[in-house]
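# An overview of the molecular structure
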Amino acid sequence: MLDTAKNPTRPIALDLQDIHKSYGSLEVLKGVSLTAYDGDVISILGSSGSGKSTLLRCINLLENPNHGRILIGNEELMLKPAKSGELQAADVKQLESLRARVGFVFQNFNLWPHKTILQNIIEGPTQVLKIKKRPSN
Ligand SMILES: Nc1ncnc2c1ncn2[C@@H]1O[C@H](COP(=O)(O)OP(=O)(O)OP(=O)(O)O)[C@@H](O)[C@H]1O
Ligand SMILES: [Mg+2]
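A brief report on the enclosed structure follows. Everything numeric in this text was worked out from a predicted model, so none of it was measured.

Contacts to ligand 1 come from Y23, L26, V28, S47, S48, G49, S50, G51, K52, S53, T54 and Q107. With respect to ligand 1, the backbone of S50 contributes an N or O atom lying 3.3 Å from an oxygen atom. The separation between an oxygen atom of ligand 1 and a polar main-chain atom of G51 is 3.0 Å. For ligand 1, whose unbound accessible area comes to 640 Å², protein coverage reaches 59%. Taken together, the elements giving at least two residues each to the shell around ligand 1 come down to β2 (26-37) and α1 (52-59).

The subject of this paragraph is the packing of aromatic side chains. Taken as a whole, this structure holds one aromatic pair when the rule is applied. Summarising the aromatic geometry, the rings of F104 and F106 are spaced 4.7 Å apart at their centres and angled 55° between planes, so their arrangement reads as tilted. Look at F104 and you get partly exposed, because its relative accessible area is 26%. The ring centre of W112 lies 5.7 Å from the NZ or CZ of K115, which sits over that ring.

In sheet architecture, strand pairing relies on hydrogen bonds along the backbone and comes in two forms, parallel and antiparallel. Spatial strand order, β2-β1-β3-β4: four strands in an open sheet with antiparallel pairing. One side of each edge strand has no neighbouring strand; the edge strands of this open sheet are β2 and β4 (75-76). Where strand β1 (residues 12-23) and β2 come together, nine bridges link them in antiparallel fashion. Paired with Y23 across the bridge in β2 is L26. Each of β1, β2 and β3 (67-72) touches α1; the most contacted strand, β1, lies at about 120° to it.

What follows is about the pairing of β3. Each regular strand carries side chains that alternate between the two faces of the sheet. By the bridge criterion, five bridges tie β1 to β3 in an arrangement that is antiparallel. Bridge assignment links L16 to a residue of β3, and that residue is I70. The antiparallel hairpin formed by β3 and β4 contains two residues in its connecting segment, where G73 sits at a positive phi of about 65°.

Bringing helix α2 (residues 92-99) into the picture now. Listed as buried for α2 are Q94, L95 and L98. Taken around the axis of α2, the buried residues stretch over an arc of 100°, which confines them to a single face. In α2, those exposed residues whose orientation departs by more than 90 degrees from the buried face are V92 and K93. Those residues of α2 that are buried lie in contact with β3, β4 and β6 (87-89). For α2, the N-terminal capping position is held by D91, with its side-chain oxygen 3.0 Å away from the main-chain nitrogen of K93.

What counts, and where the lines are drawn
Residues numbered from 1 in each chain as written. Chains lettered and ligands numbered in written order. Predicted model: local features only at pLDDT ≥ 70, side-chain atom pairs only at ≥ 80, totals over all residues. Heavy atoms only, no water. Near = heavy atom within 4 Å. Polar contact = N/O pair within 3.5 Å; in protein donor to acceptor, adjacent residues only side chain to side chain. Areas by Shrake-Rupley, 256 points an atom, 1.4 Å probe, with all protein chains shown as cover. Helix = DSSP H or I, 4+ residues; strand = E, 2+ residues; numbered from the N terminus. Phe/Tyr/Trp six-rings, centres within 6.5 Å; stacked < 30°, edge-to-face > 60°. Buried < 20%, exposed > 50% of the residue type's maximum accessible area, 1.4 Å probe, protein only. Lys NZ or Arg CZ within 6 Å of the ring centre and 35° of its normal. Pairing = 2+ DSSP bridges. Contact = heavy atoms within 4.5 Å. Axes fitted to C-alpha atoms, helices over the stretch in contact; angles between N-to-C directions. Arc of directions from axis to C-beta.

This is the structure in structure tokens:
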């Protein structure tokens with residue numbers, strides 16, 4: 001599914017190690033590992049239902065993996081086992097901080113229909129990153 005050449009000359013942007021994810025008896029991710037370096041552009045290919053979105057959603061715990069390690073930059077997302085058998089964030093503040101550094105475009109966009117395109121685009125930067133709107137003149 002993935003083939004990223006190891007390149008030690010650039011900093012690691014994202015490192016996923018042995019990610020497993022099941023929905024009940026359906027084992028979707030069977031130990032996926034991926035290292036992405038700063039500047040990499042990576043495509044994930046696979047048939048519909050093969051787990052592409054699930055893998056992406058595991059990066060910032062929109063889905064809780066059952067096993068594995070997640071590093072964003074040099075920072076490892078601290079995980080702890082939940083009763084459900086999944087891993088969950090051990091430190092919610094750290095999760096919020098890492099989520100603020102990971103962009104994610106949803107497959108079905110999830111736009112707010114009552115807002116303009118510009119209002120949709122600036123919602124994340126203004127609400128999450130607290131970037132001030134430039135005053136209009
Ligand atoms: N919340 C969920 N509960 C149960 N099963 C799920 C859930 N989310 C995804 N699945 C199942 O996990 C599998 C992988 O789904 P996923 O959406 O990751 O596939 P995908 O590779 O992104 O597919 P597509 O190319 O259609 O976007 C599918 O069999 C899907 O039905
Ligand atoms: Mg998908």
